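Observations on chain architecture
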Amino acid sequence: MSSRHDIDVRPIRADEIPDWIRAMNTGFLRPPSVSEAEIADRSTYIVPGRTLGAFDGDRCVGTFRSFAQEVTAVGGAAVRADAISNVTVTSTHRRRGVLTRMMAQDLAAARDRGDTVATLIAAEYPIYGRYGFGAATTAAEWTVDVPRAGLDPRWAGPGDGGRVDLVDGDEVRKTGPGLHERLRRSQPGAIDRSERWWQTATGALLLDRAPWTEPFHALYRTADGEPEGLLTYTVDDRWGDAKQPQQTAKVKDLVAVSPAAERALWHHVCSIDWVTAVRTGWRAPDDLLPHLLPDPRAAAITTQADWLWIRILDVVAALEARTYASAGVLVLEVTDPDGLSRGRYRLDASPEGASCTPTTEEAGLVLPVASLGSLWLGDESAVRLAALGRVREVRAGAALSADALLRTSRRPWCPDMF
Ligand SMILES: CC(=O)SCCNC(=O)CCNC(=O)[C@H](O)C(C)(C)COP(=O)(O)OP(=O)(O)OC[C@H]1O[C@@H](n2cnc3c(N)ncnc32)[C@H](O)[C@@H]1OP(=O)(O)O
């Protein structure tokens, strides 16, 4: 058996991309074979300097990739993030510290580059807390029992002068990116989407690992013709034994920049003849959908789990990037196993702006950087984390004061997987 010291962790060379993909497929328990099409596709977007491989001799046994991303802070600022993906260690080389070495290299480089946070979506909950990541957003999925929802069967489109039209992939590639940009600028937790995202979502780029089924795209326009929402869904083909339709519509994406668009598009997908169930796809946990139905209990939660994880790399930049609805002072002692963000910081915040500076004042709260990651987008509560032992209150009432400053009225949401 090779020891951990025989394993070389380093950025891959361009000619190592096929071996690296093979190792990644192996780690994700997919057929390991690599097609020319996959090599060509991945070569267009993986950044060799930020794509790490772990090598045992010539064999790639670990994969790790990061790329530049923007994540929206509370208040709408786009924050520089180090997005991490494609993390695997081949089963023959597990638990020898290979992931720990790849993560340490990448986070140190991100900190040196000046990234404010690192982000990822965790395959399993227990993996990333040890590296300073905290679960920062939740994804929820509902299944709507359409006949029970109580919607008017005579619904013939939005009654607000706007309209819903089915459009093709060309139109989606024209209109979708602008709509998504508007959404993500106002949605804490949202991330930027690449042009490739829109190509794969519309079949303009076909990947041999993901068989293509053309979905339906419904576009909402206001009475003035302004696009404000786009819904993409597929429908299965199921009939009951008594010849009754039992089709399920599965929402793949819903981008709405106004409540009117959100209302109209949910109403549209819940009012398609033959469709008796709607699966919403991963939505914000406080999505309006259940309460747009006359009977909200017709929408049952089928998935609810942590989604975007945040690792704060620069406490000052992260806390100054977001806005605050009230005024207050918070002194935080941040502990960090990797030392990247360790320190004591004073946050002076108000609706007019915020400043955060290193300080020697006594801290009100002591917390690991992972807990700060969970609090940063406004979703988690310091009072709850104190009860769980993940935040320590030095000054009585400090957790409550932190909640008054940090929490938000709508919950953060990351619509995308990466
Ligand atoms: C952002 C993404 O890409 S998510 C995808 C993550 N990848 C996967 O889930 C694919 C299948 N799993 C794997 O490839 C590997 O098991 C990995 C990448 C999760 C872990 O790689 P390893 O090299 O085994 O991790 P490493 O040896 O560095 O472990 C470090 C510590 O984390 C712990 N750990 C690692 N993985 C897990 C896990 N899945 N569950 C619980 N603890 C874990 C180890 O026990 C170890 O703990 P210790 O420091 O107390 O001894």
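The numbering scheme is per chain: residues are counted from 1 as the chain's sequence reads. Side-chain atom pairs in this predicted model are given and counted only at pLDDT of 80 or more, local residue features only at pLDDT of at least 70, and totals for whole chains, interfaces and linings cover all residues.

**Concerning the UniProt feature "binding site: acetyl-CoA" (unreviewed entry) in the chain**
Under the UniProt annotation, the feature "binding site: acetyl-CoA" (unreviewed entry) is placed at Val87, Thr88, Val89, Arg95, Arg96, Gly97, Val98, Leu99 and Thr100. To qualify as a helix, a DSSP run of H or I must reach at least 4 residues; to qualify as a strand, a run of E must reach at least 2; elements of each kind are numbered from the N terminus. Of note, Gly97 is situated in the loop between strand 4 (78-89) and helix 3 (98-113). You can call Gly97 partly exposed: it has 14 C-beta atoms within 10 Å. Mapped onto the elements of the fold, Leu99 is located in helix 3. Put simply, a residue is buried when 20 or more other C-beta atoms lie within 10 Å of its own C-beta and exposed when 12 or fewer do; between those, it is partly exposed, and each C-beta is set from the backbone. Taking the number of C-beta atoms within 10 Å as the measure of exposure, Leu99 has 21 and is therefore buried. This entry defines residue contacts through backbone-placed C-beta atoms, with two residues in contact when those atoms are within 7 Å. Ignoring any residue separated from it by four or fewer positions in sequence, one finds Leu99 in contact with Val87 and Val89. UniProt positions are given in the numbering used here, feature names are shortened, and annotations may be inferred rather than shown by experiment.

**Points about unusual backbone geometry**
Of note in this structure, Leu29 is not a glycine but carries a positive phi near 60 degrees. If you trace the backbone, Leu29 turns up in the loop between helix 1 (17-27) and helix 2 (36-45). Taking the C-beta count within 10 Å as the criterion, Leu29 has 9 such neighbours and is therefore assigned exposed. Even without glycine at this site, Trp274 takes up a positive phi of about 85 degrees. Summarising the element assignment, Trp274 is placed in the loop between helix 7 (259-269) and strand 12 (275-279). For Trp274, a count of 14 C-beta atoms within 10 Å gives the class partly exposed.

**Description of the site of the ligand**
Around the ligand, the surrounding shell holds 22 residues, and the nearest of these are Val87, Val89, Leu99, Thr100 and Ala123. The set of elements that each furnish at least two residues to the shell around the ligand consists of strand 4 and helix 3. No other element matches strand 4, which puts six residues into the shell around the ligand. When its residues are assigned to classes, the shell around the ligand shows 11 nonpolar, six polar and five charged. By definition, a residue lies near a molecule or strand provided its backbone-derived C-beta atom is within 6 Å of it. Gly counts as polar in this scheme, as do all residues outside two lists: the nonpolar Ala, Val, Leu, Ile, Met, Phe, Trp, Tyr, Cys and Pro, and the charged Asp, Glu, Lys and Arg.

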